[in-house]
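Observations on chain architecture
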Amino acid sequence: MVFQERVYVMYLVQLTLEPPGQAVLPSDVGSMIQNVAPSDLQHITVHTQARPHPAVSLFLCVTTLDEAEVLARHIWDMAQEAFPQLAEWRLLRAEVPLHPFDL
């Protein structure tokens, strides 16, 4: 029997968040997410000044792009469940941003 080795790749998945009303993303949202995330999460960057909505970048080490986007949504769901101050924030997108090669 031949087993194919899983190849892990680092993916950047951006969570685009819609605040409830005029709410501001908690300053410690990165550590909140880190507290509930599995070890696949390598790094978090919070973009509070992103427009029109704040964003959180998750750097995930997984095997496929689809797995990365699904895991990012799951991580956000866990953070919302664990931290009431995130409960009313709406996840608009969890996706790997695509950029043209000539940038």
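Structure: above.
Read on for a plain summary of the structure.

Quick notes on the rules
Residues numbered from 1 in each chain as written. Predicted model: local features only at pLDDT ≥ 70, side-chain atom pairs only at ≥ 80, totals over all residues. Heavy atoms only, no water. Pairing = 2+ DSSP bridges. Helix = DSSP H or I, 4+ residues; strand = E, 2+ residues; numbered from the N terminus. Axes fitted to C-alpha atoms, helices over the stretch in contact; angles between N-to-C directions. Contact = heavy atoms within 4.5 Å. Buried < 20%, exposed > 50% of the residue type's maximum accessible area, 1.4 Å probe, protein only. Polar contact = N/O pair within 3.5 Å; in protein donor to acceptor, adjacent residues only side chain to side chain. Core = buried A, V, L, I, M, F, W, Y, C linked by side-chain atoms within 4.5 Å. Arc of directions from axis to C-beta. Expected span 1.5 Å × (residues − 1).

Attention now goes to the sheet that holds strand β2 (residues 41-47). Strand order in the open sheet formed by four strands is β2-β3-β1-β4, with antiparallel pairing between adjacent strands. Lying at the two open borders of the sheet, with one neighbouring strand each, are β2 and β4 (90-95). Between one strand and the next, the sheet's axes are offset by a mean angle of 20°, whatever the strand orientation. Each of β2 and β3 (55-62) is contacted by helix α1 (residues 29-36), which is oriented at about 155° to β2, the strand it contacts most.

Another aspect to go through is the side chain of Ser 57. Topologically, Ser 57 is positioned in strand β3. For Ser 57, a relative accessible area of 2% corresponds to the buried category. A polar atom in the side chain of Ser 57 sits 3.1 Å from the side chain of Gln 14. Not counting the four nearest positions on each side in its chain, Ser 57 is found in contact with Leu 12, Val 13, Gln 14, His 43, Ile 44, Thr 45 and His 47.

The next subject is the nonpolar core. Of all hydrophobic cores here, the largest spans 27 residues; its most connected members are Leu 15, Ile 33, Leu 58, Leu 60 and Trp 76. Only β1 (9-18), α1, β2, β3, α2 (65-82) and β4 provide two or more residues apiece to this core. For this core, the element with the most residues is α2, which contributes six residues. The contacts of Ile 33, once residues within four sequence positions are left out, are Leu 41, Ile 44, Val 56, Leu 58, Ile 75, Trp 76 and Ala 79.

Before going further, it helps to examine α1. Along α1, the residues that are buried comprise Val 29, Gly 30, Met 32 and Ile 33. Viewed end-on, α1 has its buried residues packed into an arc of 160°, placing them on one side of the element. Buried-residue contacts for α1 involve β2, β3 and α2.

Moving on, we come to α2. The α-helix advances 3.6 residues per turn, and as a result positions three or four apart in sequence lie on the same side. The terminal C-alpha atoms of α2, which comprises 18 residues, lie 26 Å apart, in line with the 26 Å expected from a rise of 1.5 Å per residue. When we look at burial in α2, the residues that qualify are Ala 68, Glu 69, Leu 71, Ala 72, Ile 75, Trp 76, Ala 79 and Gln 80. Close packing links the buried residues of α2 with β1, α1, β3 and β4.

Separated by 27 residues in sequence, Ser 57 and Gly 30 have C-alpha atoms that sit 9.4 Å apart. Within the structure, the side chain of Ser 57 is placed 2.8 Å from the side chain of His 47, a separation counted as a polar contact.

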